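# Descriptive structure summary
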Amino acid sequence: TDLMPYTAPPGEEGLDISYEGGEHGVFNGLSQHVVLLSGCHYVDPHTRHDCIEVQTKHWNTQIDRLVNEYLDYCDRDRGDGMPSI
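Here goes a summary of the coordinates provided. (Residues numbered from 1 in each chain as written. Predicted model: local features only at pLDDT ≥ 70, side-chain atom pairs only at ≥ 80, totals over all residues. Heavy atoms only, no water.)

## A closer look at the pattern of salt bridges
- Taken as a whole and assessed by the stated rule, the structure comprises three salt bridges.
- Two residues, Asp72 and Arg76, come together in a salt bridge whose shortest N-O distance is 3.3 Å. Placement of both Asp72 and Arg76 in helix H2 (residues 48–76) is noted, with a separation of four residues, approximately one turn of the helix.
- By relative accessible area, which is 32% here, Asp72 ends up partly exposed.
- For the salt bridge of Arg78 with Asp80, the shortest nitrogen-to-oxygen distance reads 3.5 Å.
- Relative accessible area serves as the criterion here: at 54%, Arg78 is assigned to the exposed category. (Salt bridge = Lys/Arg side-chain N within 4 Å of Asp/Glu carboxyl O. Helix = DSSP H or I, 4+ residues; strand = E, 2+ residues; numbered from the N terminus. Buried < 20%, exposed > 50% of the residue type's maximum accessible area, 1.4 Å probe, protein only.)

Read these as spatial facts, not as claims about activity.
So this is what it looks like as structure tokens:
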């Protein structure tokens, strides 16, 4: 198969960061170097608990509508995964 249309141009390749491959450590080192050079950095005052609480609140505001839409979709399913109109 021809993979050329799916290849990013030179210099625009994505960076795949993983803990296993070590790229994450390199990224941390680079970000710390940038902080030292610039003299400024971002500190996130939120804890993991705060973030989860916000996500839960956002989910709770949507859950009723999502459930209703899903049940409506299931009710109108023609058996082939497509709802009837």
